[in-house]
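What follows is each chain in one-letter form.
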Amino acid sequence: MTCDEAKILLHALLDNELDAGHAREVEAHMATCPACTAEFAAQREMKRALAGTNLRYSAPAALRARIEASLPQARPQPSRRSMLRGFAMGSVVSALAASGVVAVVLRQDDQQRILSEVVTAHLRSLQAGHLIDVVSTDQHTVKPWFNGKLDVAPPVIDLTAQGFTLVGGRLDYVDARAIGAVVYKRRQHIINLFVSQTASTEHRPPKTQTMQGFNCRRWGERGLNFWAVSDIGNDELTEFVDKFEAAMKANVEG
């Protein structure tokens with residue numbers, strides 16, 4: 001194990017998030033590496049210092065009063081005229097359904113449901129022991145690991161030189177089927193890149209949405225759907241996707 005690989009896993013070791021095999025590998029490396037041992041000791045000391053610090057903040061009572069005052073007042077009961085307008089609006093909705101508008105709404109609802117599942121999978125991966133099935137910074141180790149586990153192995157690209165470190169991959173489940181998740185790090189932030197096969201081969205340009213405090217940038221390319229999810233800023237996530245797409249295009253053309 002190299003220092004770069006060990007430093008990626010030091011936080012996980014400190015929080016008891018590594019399985020026994022990987023924990024032994026990191027500990028064996030630290031036994032012969034003073035630099036990683038010192039880094040681990042510094043992180044442990046910081047954790048101890050933060051644990052003894054009271055960071056809880058209680059909002060003042062005046063804030064509750066201001067929030068309650070800003071809430072809308074109780075709405076009056078609808079009049080007969082407004083009820084008639086409601087019935088008329090129902091007729092309009094029925095007409096729109098006949099023209100296919102409701103089908104578009106249903107597709108959008110389905111996309112939101114899948115996005116919610118993707119973000120849930122990202123949250124689940126941050127729990128102890130759920131982030132990585134294959135730990136490696138080498139794309140030629142991570143990509144073959146997916147062979148035989150999925151119908152189509154996800155593209156795995158090394159973006160370390162561009163500031164996004166490949167740390168491994170795993171299988172996850174979204175929309176009731178197995179998909180690949182390629183894991184990157186930006187400083188101490190995790191980026192999960194979820195990849196699933198789709199029948200559509202058309203290019204869908206990247207689009208960013210926010211859910212539960214996480215940014216998610218999704219796009220489609222060459223029969224694959226992609227979702228990049230992280231708590232990094234939208235500009236950095238956009239940079240990650242742009243560099244990933246450029247590298248993937250260069251690999252195909254090469």
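Keep in mind it's a predicted model, so treat the numbers as computed, not measured.

1. Observations concerning the environment of Leu193
1) Next: Structurally, Leu193 can be placed in strand β4 (residues 189-197).
2) Next: Sequence separation of Leu193 and Ala181 is twelve residues, and the distance between their C-alpha atoms is 5.4 Å.
3) Next: Those residues in contact with Leu193 that sit more than four places away from it in its chain are Gly180, Ala181, Val182, Tyr184, Trp219, Phe226, Trp227, Ala228, Phe240 and Phe244.

2. Focus: the UniProt feature "domain: Putative zinc-finger" (unreviewed entry) in the protein chain
1) Next: The UniProt record marks residues 3-36 with the feature "domain: Putative zinc-finger" (unreviewed entry), using the residue numbering of this structure.
2) Next: Structurally, residues 3-36 is divided into 79% helix and 0% strand, and its ends, taken at the C-alpha atoms, are 7 Å apart.

3. Regarding the nonpolar core
1) Next: Grouped together as the largest cluster of nonpolar side chains are 26 residues, with contacts concentrated most on Leu159, Tyr184, Leu193, Phe226, Phe240 and Phe244.
2) Next: Broken down by element, this core gets its largest block of residues, six residues, from helix α8 (residues 234-253).

4. Considering the environment of Leu224
1) Next: Within the secondary structure, Leu224 sits in strand β7 (residues 224-230).
2) Next: For Leu224, a relative accessible area of 12% gives the class buried.
3) Next: Residues in contact with Leu224, not counting those within four places in the same chain, are Val152, Pro155, Val195, Ser196, Gln197, Thr198 and Trp219.

5. Focus on the sheet that holds β7
1) Next: Strand order in the open sheet made by the seven strands is β1-β2-β3-β4-β7-β6-β5, with antiparallel pairing throughout. Whereas interior strands pair on both sides, the edge strands pair on one side only; in this sheet they are β1 (134-135) and β5 (204-211).
2) Next: The pairing of strand β6 (residues 214-221) with β7 spans seven bridges and is classified as antiparallel. Among the inter-strand pairings, Trp219 is bridged to a residue of β7, identified as Phe226.

6. Topic: a nonpolar patch on the surface
1) Next: Among the surface-exposed residues, Leu63, Ile67 and Leu71 lie close enough to one another that they form a single nonpolar patch of about 240 Å² accessible area.
2) Next: Tracing the chain through its elements places Leu71 in the loop between α4 (61-70) and α5 (80-98).

7. Looking at the packing of helix α1 (residues 3-14) against helix α2 (residues 20-31)
1) Next: Taken N-terminus to C-terminus, the directions of α1 and α2 make an angle of 120°; their axes are 10 Å apart at the nearest point. Compared by their axis directions, α1 and α2 come out oblique. Helix-helix and strand crossings are classified by hand; for α1 and α2 the assignment is left-handed. Contacts between α1 and α2 involve Cys3, Ala6, Leu9, Leu10 and Leu13 from the first element and Ala23, Val26, Glu27, His29 and Met30 from the second.
2) Next: Considering only residue class, the contact of α1 with α2 consists of eight nonpolar, one polar and one charged.

What counts, and at which threshold
- Numbering of residues starts from 1 in every chain and runs along the sequence as written.
- Only residues with pLDDT of at least 70 are given local features in this predicted model, and only at 80 or more are side-chain atom pairs given and counted; all residues enter the totals for whole chains, interfaces and linings.
- Calculated side-chain values reflect all of the structure's heavy atoms, with hydrogen atoms and water omitted.
- To qualify as a helix, a DSSP run of H or I must reach at least 4 residues; to qualify as a strand, a run of E must reach at least 2; elements of each kind are numbered from the N terminus.
- Every residue pair with non-hydrogen atoms within 4.5 Å of one another is taken to be in contact.
- UniProt positions are given in the numbering used here, feature names are shortened, and annotations may be inferred rather than shown by experiment.
- Remark: nonpolar core denotes a set of buried residues (Ala, Val, Leu, Ile, Met, Phe, Trp, Tyr, Cys) joined through side-chain atoms within 4.5 Å.
- Residue burial is assigned from relative accessible area. The probe radius is 1.4 Å, only protein chains are included, and a residue is buried under 20% of its type maximum, exposed over 50%, and partly exposed in between.
- Here the rule is simple: two strands pair whenever DSSP picks up at least two bridges between them.
- Patch members must show over 30% relative accessible area and no salt bridge, and they are joined within 9 Å when carrying like charges or within 5 Å when they are nonpolar side chains of Val, Leu, Ile, Met, Phe, Trp or Tyr.
- To be clear on the numbers: accessible area is Shrake-Rupley with a 1.4 Å probe, and residue cover counts the displayed protein chains and nothing else.
- Here a salt bridge means any side-chain nitrogen of Lys or Arg lying within 4 Å of a carboxyl oxygen belonging to Asp or Glu.
- Axis geometry follows a simple rule: fit a line to the C-alpha atoms, using only the stretch in contact for helices, then measure angles between N-to-C directions, giving values from 0 to 180 degrees.
- Any angle that falls under 35 degrees is termed roughly parallel, while one over 145 is termed roughly antiparallel, one within 65 to 115 roughly perpendicular, and all others oblique.
- Note on convention: the crossing is left-handed when the near helix lies turned anticlockwise from the far helix by less than a right angle, right-handed when the turn is clockwise.
- Under this grouping Gly is polar, as are all residues other than the nonpolar Ala, Val, Leu, Ile, Met, Phe, Trp, Tyr, Cys and Pro and the charged Asp, Glu, Lys and Arg.

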